[in-house]
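Each chain, written out:
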Amino acid sequence: MLILGGVVMHIDKNLNITKILGRENKYLKPNFIFEELTISFLNEIYLSINKIKEARLYSDLATFGFWCRKKNIENLLKKYKNNNIRIGRGIVYHIAPSNVPMNFAYSFAFGMLSGNYNIVRLPSKKYYQIHVLCNVIRKICSKKKYKEILKHFLFIHYEKSSKISNYLSSQVDARLIWGGDETIKEFKKYDTHPRCVDLNFANRISFSIIKPSALKKLSNVNYLNFIKNFFNDSYLMDQKGCSSPKIILWFMDNKNQKNDKQIIEKFWNDLDIFVKSNYEDDLSISNKKIASLFYDTLNSGINYTVFYKNFNIVRLKINSLSNKIERMNNSYGTFIEKNIINLNSISKIVTKRYQTLTYFGIDDKEIIKTIKKNGILGIDRIVKVGRANDLDAIWDGYDIINSLSRIVSN
């Protein structure tokens, strides 16, 4: 039995739920947002991950650790400093996606910072990063100062089960559903409290706008860093993440397009060299690429020409911009590509499904002006190349901290 601020939750022992870390049988009350102990706990995660040499091999784990540092959380807190008293809603159920290893960690952190008790369903796939982070949290919570933290979360795992998901959904005050369209449809069928708040993170598509002439101005060090940043945005999750760019729009210099085209070819060649050294390709991935190309040919209605050197990078040069592009299912280093000379061109492709726009060589104010001018309904994030996967408290247009907490007016 779990009692939380007057709410009683019975976890049926007959359900096949594996409890990984945390506690369930304690009397709890919701916290105010950004409790000092929570901020200190997250900073301990940062310090601990920073000491693990292996963490450097997993950029997503290192990035999460860096996000947890006290300075970053205090900067985040500044956005929520006003006269309102905000307190957690109660019990939050986090349904993490299977294809993004560290998504559950950010979701958990948001739930903690918003003052809730958190039931986190971990991905079914056994990622090493999850193993490392769970060990880090376990060690931190063994310290006297942080034993209280264990009372505010429970990491669980269970095989796909509508019975368990329905049961947990009926008990909670909020749900974060990260699994995409099909998962959202499934979870909408389940019973919930009338005041249960759902944050649904649907399937999204993302793209990049890059100015070739700006690449030429970079020093060799900065250029190689750009290559690495683009790789991290695209290849770390095989373009499966909703924020990974699938479409590259080259913002051309109308008076010197020939030179720009040479810069573009150099970029792809240099990226190919980097991919060879940093990406584990195999026959199964090649087969998936081929299957994806066949699918796109049959279902998208888009005309494109395929270019590739050794299949690490596949370029699909489209003839014209169309919102049909969102039907394409490219991944594993497959990029839809088009040259543009006017930013207004993005209005031809962007729908409500578009999430992140990564950019380079362009003023973000010009992008915002273009969105407003054309009445574009999509694009929730505008960030520089290299920051596509930086998950933040504002995501998919939701303010997660505010959504998971309630105002107590006085």
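Coordinates for the structure precede this section.
So, how was this worked out
Residues numbered from 1 in each chain as written. Predicted model: local features only at pLDDT ≥ 70, side-chain atom pairs only at ≥ 80, totals over all residues. Heavy atoms only, no water. Helix = DSSP H or I, 4+ residues; strand = E, 2+ residues; numbered from the N terminus. Buried < 20%, exposed > 50% of the residue type's maximum accessible area, 1.4 Å probe, protein only. Salt bridge = Lys/Arg side-chain N within 4 Å of Asp/Glu carboxyl O. Phe/Tyr/Trp six-rings, centres within 6.5 Å; stacked < 30°, edge-to-face > 60°. Lys NZ or Arg CZ within 6 Å of the ring centre and 35° of its normal. Pairing = 2+ DSSP bridges. Axes fitted to C-alpha atoms, helices over the stretch in contact; angles between N-to-C directions. Contact = heavy atoms within 4.5 Å. Core = buried A, V, L, I, M, F, W, Y, C linked by side-chain atoms within 4.5 Å.

Enquirer: With reference to specific residues and values, describe the environment of Leu316.
Expert: Within the element layout of this structure, Leu316 appears in strand β14 (residues 314-318). Relative accessible area serves as the criterion here: at 0%, Leu316 is assigned to the buried category. Taking C-alpha positions, Leu316 is 29 Å from Lys372, a pair spaced 56 residues apart along the chain.

Enquirer: Tell me about unusual backbone geometry, and please be specific about residues and values.
Expert: Within the chain, Asp238 stands out as a residue other than glycine whose phi angle is a positive 55 degrees. Take Asp238: it is sitting in the loop between α9 (220-235) and β12 (245-251). We note that Tyr332 has phi near 55 degrees; this positive angle belongs to a residue other than glycine. Positionally, Tyr332 belongs in the loop between β14 and β15 (334-340). Note on Tyr332: relative accessible area 8%, which makes it buried.

Enquirer: Give a description of the pattern of salt bridges that names residues and reports values.
Expert: Following the criterion strictly, the structure yields 14 salt bridges and no others. In this structure, the salt-bridge partner of Glu265 is Arg315, at a minimum N-O distance of 3.0 Å. Separated by 50 residues along the polypeptide, Glu265 in helix α10 (residues 257-278) and Arg315 in strand β14 bring together distant segments of the chain. Residue Arg315 is classed as buried on the basis of its relative accessible area, which comes to 9%. Linking Lys276 and Asp272 is a salt bridge whose minimum nitrogen-to-oxygen distance equals 3.6 Å. With a gap of 4 residues between them, Lys276 and Asp272 both fall in helix α10, about one helical turn apart.

Enquirer: Mind laying out the packing of aromatic side chains, listing which residues take part and the relevant values?
Expert: On inspection of all chains with the given rule, the structure shows 32 aromatic pairs. Each ring, one from Trp67 and one from Tyr106, has its centre 5.6 Å from the other, and the planes form 70 degrees; the classification is edge-to-face. Residue Trp67 is found in helix α2 (residues 59-67), and its partner Tyr106 is found in helix α4 (residues 103-113); the two are separated by 39 residues along the sequence. Among the residues examined, Trp67 registers a relative accessible area of 10% and is labelled buried. Positioned above the aromatic ring of Phe307, the side-chain terminus of Lys317 is 4.8 Å from the ring centre.

Enquirer: Could you give an account of the sheet that holds strand β7 (residues 117-121), with specific residues and numbers?
Expert: Taken in spatial order, the 6 strands of this open sheet run β3-β8-β7-β6-β9-β10, and their pairing is mixed. Edge positions in the open sheet fall to β3 (18-22) and β10 (197-200), since each of these has one partner strand only. Neighbour to neighbour, the strand axes of the sheet diverge by 15 degrees on average, direction disregarded. Pairing geometry for β3 and strand β8 (residues 153-157), over 4 bridges, is antiparallel. When the bridges of β8 are listed, Lys19 appears paired with Ile156. Relative to β3, helix α5 (residues 128-141) is tilted by about 50 degrees, and along the sheet it contacts β3 and β8. Each of β6 (91-95), β7, β8 and β9 (174-177) is contacted by helix α6 (residues 162-169), which is oriented at about 150 degrees to β6, the strand it contacts most.

Enquirer: Pulling in residues and values, what's your account of the nonpolar core?
Expert: The biggest cluster of nonpolar side chains holds 55 residues, and the ones touching the most others in it are Phe41, Ile45, Phe64, Trp67, Leu133, Ile137 and Phe155. Beyond its immediate chain neighbours, meaning those up to four positions away, Trp67 contacts Asn72, Ile73, Leu76, Tyr106, Ala109, Phe110, Leu113, Leu391 and Asp392. Counting residues in hydrophobic clusters, the runner-up holds 30 residues, among them Ile247, Leu343, Ile349 and Val350.

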